[in-house]
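The lines below spell out each chain.
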Amino acid sequence: MRTVYVNGEYMPETEAKVSIFDRGFLMADGVYEVTSVLGGKLIDFAGHTARLHRSLNELDMAEPCTDDELLAIHRELVERNNIVDGMIYLQVTRGNPGDRDFAFPSADTKPTLVLFTQSKPGMAESPMAKIGMKVISIDDIRWGRRDIKTVQLLYPSMGKMMAKKAGCDDAWLVEEGKVTEGTSNNAYIVKGNRIITRELSNDILHGITRAAVLRFAREAQMEVEERAFTIAEAQGADEAFITSASTFVMPVVEIDGKAVGTGKPGSVAARLREIYLEESLKAAI
Ligand code: PDD
């Protein structure tokens, strides 16, 4: 049984409780982060912490604790649950005001802080990296602040189910004819030596993996173009791939039933995956 963390305490998962009045439960008034663990170490903890601060700040939500405390909790959970490879999920909500009200509660309402681990032994050797993913495209009907990592994940969850129903692995979201991102990842195409991915704005989540991968790509003398692309352009590209904390770099080989490039994972995505894993492991804490 897992040991989880709730508001200052470590306890068995079966004993963890959050109030029915919690704003996270009633209003999806909460933000989250997912940090990968490889070889017992945290991947890009500083990046995830920085984005957590940003999400909290954008929503006028209180910081639940200091960065040092957050790091200590992450490490304690890795240790107590013997996590070698996997993820740590963290969620902060606006807390429990003791009733339901649309207005934000007074500032003395304590935020709720929950963290738990998900063990995924051999996560870096996912078979999907060798096969590649199939995606469908769907309309992006999410709200306008996708840069904030909130727990309002109903539509991304529905998108994942639409993909499954179509015999695919994930969905790419399309707005005004252009791909925004995947249901829970950032989207890329490759043309020759050039990597193309949508520019940062309120339309997409500012992926921590995205930032690292683009930095490594530039260091490896690949060209990076930050602009939006259409599904047709992606279908005609040499390669396509996604990035996220839990999938790292994952090739996409089919979009809406059309093969991308050779229909097999491409060499650019494979190389970026290798560099990303190698460099992230070196910097893991
Ligand atoms: N998802 N875009 C969306 C909509 C996401 O939900 C995520 C992350 C990303 C990639 O961000 P990062 O590289 O920082 O993980 C992009 C996480 C993994 C999840 O919901 O499980």
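None of the values given here were measured: they were computed from a predicted structure.

Participant: Explain helix H6 (residues 208-219) here, please?
Facilitator: Look at H6: 17 Å from first C-alpha to last across 12 residues, which is about the 16 Å you get at 1.5 Å a residue. Listed in full, the buried residues belonging to H6 are Ile208, Thr209, Arg210, Ala212, Val213, Leu214, Phe216 and Ala217.

Participant: Help me understand the site of the ligand, please; the structure alone is not making it clear to me.
Facilitator: Within the structure, the ligand sits among 19 residues, and Tyr32, Arg51, Glu181, Ile208 and Thr209 are positioned closest to it. Here an oxygen atom of the ligand and a side-chain polar atom of arginine 51 are 2.8 Å apart. Protein contacts shield 89% of the accessible area of the ligand, which totals 480 Å² for the unbound molecule. The site holding the ligand turns out to be the largest pocket.

Participant: Looking at this structure, how should I read the sheet that holds strand S1 (residues 3-6)?
Facilitator: Pairing between the strands of a sheet comes from backbone hydrogen bonds, and it takes one of two forms, parallel or antiparallel. With respect to topology, six strands assemble into an open sheet ordered S2-S1-S6-S5-S3-S4, the strand pairing being antiparallel. Looking along the sheet, the strands with just one partner apiece sit at the ends: strand S2 (9-12) and strand S4 (41-42). Direction of pairing for S1 relative to S2: antiparallel, over a ladder of four bridges. Bridging from a neighbouring strand, valine 6 pairs with glutamate 9 of S2.

Participant: Before we go on, may I ask you to explain the pattern of salt bridges in this structure?
Facilitator: Where charged atoms from two side chains of opposite charge come close, those side chains can pair. In this structure the tally under the stated criterion is 21 salt bridges. Of the charged contacts, one joins aspartate 29 and arginine 94 as a salt bridge, the two residues approaching to 2.6 Å between their closest N and O atoms. On the criterion of sequence distance, the pair formed by aspartate 29 in the loop between helix H1 (23-27) and strand S3 (30-38) and arginine 94 in the loop between strand S5 (86-93) and strand S6 (112-119) is long-range, its members being 65 residues apart. Residue classification places aspartate 29 among the buried residues on the basis of a relative accessible area of 8%. Look at arginine 94 and you get buried, because its relative accessible area is 8%. Across the pair glutamate 233 and arginine 227 runs a salt bridge whose closest N-O atoms are separated by 2.8 Å. Judged by its relative accessible area of 19%, glutamate 233 falls in the buried class. Here the salt bridges do not stand alone but share partners, grouping Lys191, Arg194, Glu223, Glu225, Arg227 and Glu233 into one network.

Participant: So what exactly am I meant to see when it comes to the domain arrangement of the chain here?
Facilitator: Quoted interface sizes are often the accessible area lost when the parts come together. Once the domains are mapped, the chain shows domain 1 (3-123) and domain 2 (128-283). Between domain 1 and domain 2, the contact holds 21 residues from the first and 21 residues from the second. Both faces considered, domain 1 and domain 2 share a buried interface measuring about 1900 Å² in area, 64% of it formed by carbon and sulfur atoms. For the interface between domain 1 and domain 2, the tally reads two salt bridges. Between arginine 54 and aspartate 147 there is a salt bridge; the shortest N-O distance is 3.0 Å. Applying the counting criterion to the domain 1 and domain 2 interface returns seven residue pairs in polar contact (both at pLDDT 80 or more). Residue assignment for the side of domain 1 that touches domain 2 shows that the elements contributing at least two residues are S3, helix H2 (45-58) and S5. A total of seven residues in the side of domain 1 that touches domain 2 trace back to one element, the largest contributor, which is S3. Residue composition of the side of domain 1 that touches domain 2, by class: 10 nonpolar, six polar and five charged.

Participant: Explain the pairing of strand S14 (residues 248-255) here, please?
Facilitator: The element S14 is extensively covered by neighbouring structure, given that eight of its eight residues are classed as buried. With three bridges connecting them, strand S7 (residues 133-139) and S14 associate as parallel partners. Bridge pairing links valine 135 to isoleucine 255 in S14. A loop of three residues connects strand S13 (residues 239-244) with S14, the two strands running antiparallel in sequence. Bridge count for S14 against strand S15 (residues 258-259) is two bridges, and the pairing is antiparallel. Its bridge partner being in S15, isoleucine 255 is matched across the sheet by lysine 258.

Rules and cut-offs
- Residues numbered from 1 in each chain as written.
- Predicted model: local features only at pLDDT ≥ 70, side-chain atom pairs only at ≥ 80, totals over all residues.
- Heavy atoms only, no water.
- Helix = DSSP H or I, 4+ residues; strand = E, 2+ residues; numbered from the N terminus.
- Expected span 1.5 Å × (residues − 1).
- Buried < 20%, exposed > 50% of the residue type's maximum accessible area, 1.4 Å probe, protein only.
- Near = heavy atom within 4 Å.
- Polar contact = N/O pair within 3.5 Å; in protein donor to acceptor, adjacent residues only side chain to side chain.
- Areas by Shrake-Rupley, 256 points an atom, 1.4 Å probe, with all protein chains shown as cover.
- 1 Å grid on protein atoms, 1.4 Å probe; cavity = no way out; pocket = protein on both sides within 12 Å on 5 of 7 lines; lining within 4 Å.
- Sits in = over half its atoms within 2 Å of the grid points.
- Pairing = 2+ DSSP bridges.
- Salt bridge = Lys/Arg side-chain N within 4 Å of Asp/Glu carboxyl O.
- Domains from an automatic or database assignment.
- Contact = heavy atoms within 4.5 Å.
- Buried area = accessible area lost by both parts, 1.4 Å probe.
- Nonpolar A, V, L, I, M, F, W, Y, C, P; charged D, E, K, R; others polar.

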